[in-house]
Amino acid sequence: MIDRINALRVETPSWGYGNSGTRFKVFAQSGAARTIEEKLSDAGMVNRLTGVCPSVAIHIPWDRVDDWDSLRQFAAGQGVAIGAVNPNLFQDDEYMLGSLGNPSAATRIRAVNHVLECIEIAKRVGSSIVSLWLADGTNYPGQDDLRSRRRRMRACLREIYSALPGGLRLLVEYKFFEPGFYSTDLPDWGTAYVICLELGLQAEVLVDTGHHAQGVNVEQIVAQLLDVGRLGGFHFNARKYADDDLIVGSTNPFELFLIFNELVAAEDDHDAAVSGCARKVAYMIDQSHNIEPKVEAMVQSVINIQTAHAKALLVDRSRLRDAQRKGDVLDAHRVLLEAYESDARPLLHEARRRLGIDVDPIAALRTSGYSDRIARERGKAASTSGYPGA
Ligand code: PSV
Ligand code: MN
């Protein structure tokens, strides 16, 4: 049990350490990371406190540098490695009508070239994941031909896929709306899955927990993707109304537990394709911390993930199977409730003791003086409105 708790690795995102906000306002915080080096040192601190966050996702061009070898070394000096490379296909003026699905061939070529650059970066920094999210879609019925958009996107994705070296995974992220408010080119897991099937085995679906409509059964999506062997990874965060990017598990801890319940069960599935898929899922956080202190928010997120995972490990699977076989609806349900209502803290404390770290990472952060030090050294940026890294 403790070994399984400590085996779960969580990747933190570079963009979660910088100033971010809504379209209404970006509140600048003292000490917020301004450069990729500062983001990597914050991520290093999160890893020292939690013991389970040894890699950091980057976003290009927000985190682009001239010398990737020295960035890789700098990261290693902070005790972390560079993880998933995220191309940015939404911030150039050319992308107003989309990137890989844009009606203009010139824009599609630009977008493909950007992803190819990200593949090269992944190779340079030793990353095994390129994680693709398209902001492509339309705002009005009739704005573009929906099937043509899909064909353009597929053709571009094929070109991208053929440039992947062996061992590099292409994660395909879907989102049901925003910034397209009428249609989104990759709106759901099924569309993403069909695309991945067409591309090949190195393409897998990424589930961003905030990218579903109200009430969608995300744990069932997770179960289905595991069953077809194409769940590649997660972007964890919490939502209440839209893609809120709040701290994972803050508004929906039971949902997070149910997601982990599927993952833990699949890790032990008798079908090797399913257990193999479950064991190599990439667990990543994708959050923006607008009003909360960023390093502390990241540590809290990791703790929430570990709590949900530990509770899922506590599910009495043989009693569950038994109750399901007998059709004992409520006893089966109670098995889950009992695990969810258990106190996972003693297990997590023991797990941390074994890693030689403080059992309470939040208290350790608060007494470390780290936040005061970065506030002193980095100061506070001017307030702006806009998007992180813009
Ligand atoms: C889009 O909403 C998204 O979830 C994608 O993963 C982007 O890369 C990320 O957010 C940017 O913050
Ligand atoms: Mn995401």
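Residues numbered from 1 in each chain as written. Chains lettered and ligands numbered in written order. Predicted model: local features only at pLDDT ≥ 70, side-chain atom pairs only at ≥ 80, totals over all residues. Heavy atoms only, no water.

## Regarding the coordination of the manganese ion (ligand 2)
- Bound to the manganese ion (ligand 2) on the protein side are Glu-173 (OE), Asp-208 (OD), His-235 (ND1) and Asp-286 (OD), at distances that span 2.1 to 2.2 Å.
- Here the manganese ion (ligand 2) is ringed by six donor atoms whose angles at the metal span 72 to 167 degrees, and the overall shape comes out octahedral.
- Ordering the donors of the manganese ion (ligand 2) by residue number gives the pattern E-x34-D-x26-H-x50-D. Of this pair, Glu-173 sits in strand E6 (residues 169-173) while Asp-286 sits in the loop between strand E10 (282-285) and helix H10 (294-313), placing them 113 residues apart in sequence. Considered together, Glu-173 and Asp-286 belong to a single accessibility category, that of buried residues. (Donors = N, O, S within 2.8 Å, 3.2 Å for Na, K, Ca; no water. Tetrahedral: all angles 85-135°; square planar, octahedral: opposite > 155°, others 65-115°. Helix = DSSP H or I, 4+ residues; strand = E, 2+ residues; numbered from the N terminus. Buried < 20%, exposed > 50% of the residue type's maximum accessible area, 1.4 Å probe, protein only.)

## Here we look at unusual backbone geometry
- Ile-60 connects to Pro-61 through a cis peptide bond whose omega is 20 degrees.
- Structurally, the position occupied by Pro-61 is in the loop between strand E2 (55-60) and helix H3 (68-77).
- Of note, the amide linkage connecting Glu-178 to Pro-179 takes the cis form, showing an omega dihedral of 5 degrees.
- As for its position among the elements, Pro-179 is in the loop between E6 and strand E7 (183-184).
- Residues other than glycine seldom take positive phi values, yet Glu-178 does so here, at roughly 75 degrees.
- Along the chain, Glu-178 falls in the loop between E6 and E7.
- For Asp-245, which is not a glycine, the phi torsion comes out positive at approximately 55 degrees.
- Within the secondary structure, Asp-245 sits in the loop between strand E9 (231-236) and helix H8 (253-267).

## Thoughts on the nonpolar core
- Core analysis: the largest hydrophobic core is formed by 105 residues, its most contacted members being Leu-100, Leu-170, Leu-231, Phe-234, Phe-260 and Leu-263.
- Counting residues per element, this core draws most heavily on H10, which supplies ten residues.
- Contacts of Leu-231, omitting those with residues within four sequence positions, involve Glu-204, Val-205, Val-207, Val-222, Leu-225, Leu-226, Leu-263, Cys-277 and Val-281.
- The next biggest cluster of nonpolar side chains, apart from the first, holds nine residues, and it includes Trp-15, Ile-129, Leu-206 and Ala-282. (Core = buried A, V, L, I, M, F, W, Y, C linked by side-chain atoms within 4.5 Å. Contact = heavy atoms within 4.5 Å.)

## Comments concerning the pairing of E9
- Within E9, six of the six residues are buried, which leaves the element mostly enclosed by the surrounding structure.
- For strand E8 (residues 203-208) and E9, the ladder comprises four bridges, and the chain directions are parallel. Bridge assignment links Asp-208 to a residue of E9, and that residue is His-235.
- Crossover connection from E8 via helix H7 (residues 218-227) to parallel E9: handedness right-handed.
- As paired strands, E9 and E10 are joined by four bridges and run parallel to one another. Looking at the pairing, Phe-236 lines up with Ile-285 of E10. (Pairing = 2+ DSSP bridges. Right-handed = clockwise from strand over helix to strand, strands pointing away.)

## Details of the packing of aromatic side chains
- Within this structure, the stated rule accounts for 14 aromatic pairs.
- When the ring of Phe-90 is compared with that of Trp-133, the centres are 5.2 Å apart and the planes differ by 65 degrees; the resulting orientation is edge-to-face. In this pair, Phe-90 sits in the loop between strand E3 (81-87) and helix H4 (105-125) while Trp-133 sits in strand E4 (residues 129-133), placing the two residues 43 residues apart along the sequence.
- Classification of Phe-90 as partly exposed rests on a relative accessible area of 23%.
- Ring centres 4.8 Å apart and planes at 10 degrees place the aromatic pair Phe-234 and Phe-236 in the stacked group. Taken as a pair, Phe-234 and Phe-236 share a single burial class, namely buried.
- Members of the aromatic cluster, connected to one another through ring pairs, are Trp-15, Trp-62, Phe-90 and Trp-133.
- Seen from the ring of Tyr-340, Lys-311 lies directly overhead, with NZ or CZ sitting 4.8 Å from the centre. (Phe/Tyr/Trp six-rings, centres within 6.5 Å; stacked < 30°, edge-to-face > 60°. Lys NZ or Arg CZ within 6 Å of the ring centre and 35° of its normal.)

## Quick notes on the side chain of Gln-29
- Tracing the backbone shows Gln-29 in the loop between strand E1 (12-13) and helix H2 (36-50).
- Look at Gln-29 and you get buried, because its relative accessible area is 17%.
- Sequence-distant contacts of Gln-29, that is, excluding residues within four places in its chain, are made with Asn-19, His-289, Asn-290, Ile-291, Glu-292, Pro-293, Lys-294, Gly-379 and Lys-380.

## Details of the site of ligand 1
- Looking at ligand 1, there are eleven residues lining it, with His-59, Glu-173, Lys-175, Asp-208 and Asp-286 nearest.
- Within the side chain of His-235, a nitrogen or oxygen atom sits 3.2 Å from an oxygen atom of ligand 1.
- Taking 310 Å² as the accessible area of ligand 1 by itself, protein coverage stands at 97%.
- Residues of the shell around ligand 1, tallied by class, amount to three nonpolar, three polar and five charged. (Near = heavy atom within 4 Å. Polar contact = N/O pair within 3.5 Å; in protein donor to acceptor, adjacent residues only side chain to side chain. Areas by Shrake-Rupley, 256 points an atom, 1.4 Å probe, with all protein chains shown as cover. Nonpolar A, V, L, I, M, F, W, Y, C, P; charged D, E, K, R; others polar.)

## Regarding empty space enclosed by the protein
- Counted under the stated rule, the structure contains two cavities of 30 Å³ or more.
- Looking at the largest cavity, its volume works out to about 40 Å³.
- Thr-209, Phe-236, Asn-237, Val-248, Gly-249, Asn-252, Glu-255, Leu-256 and Ile-259 together form the lining of the largest cavity.
- With three residues, H8 is the single largest residue contributor to the lining of the largest cavity.
- Looking at the lining of the largest cavity, its residues break down into four nonpolar, four polar and one charged. (1 Å grid on protein atoms, 1.4 Å probe; cavity = no way out; pocket = protein on both sides within 12 Å on 5 of 7 lines; lining within 4 Å. Points joined across faces, edges and corners; volume = space filled by probe spheres on them.)

## As for the pattern of salt bridges
- Taken as a whole, this structure holds 33 salt bridges when the rule is applied.
- Ionic pairing is found between Arg-149 and Asp-144, a salt bridge with its closest N-O pair at 2.8 Å. Judged on exposure class, the residue Arg-149 and its partner Asp-144 are both buried.
- For the salt bridge of Arg-325 with Asp-322, the shortest nitrogen-to-oxygen distance reads 3.3 Å. Of the two residues, Arg-325 and Asp-322 both sit in helix H11 (residues 317-326), three residues apart, roughly one turn of that helix.
- Take Asp-322: its relative accessible area is 31%, and that puts it in the partly exposed class. (Salt bridge = Lys/Arg side-chain N within 4 Å of Asp/Glu carboxyl O.)

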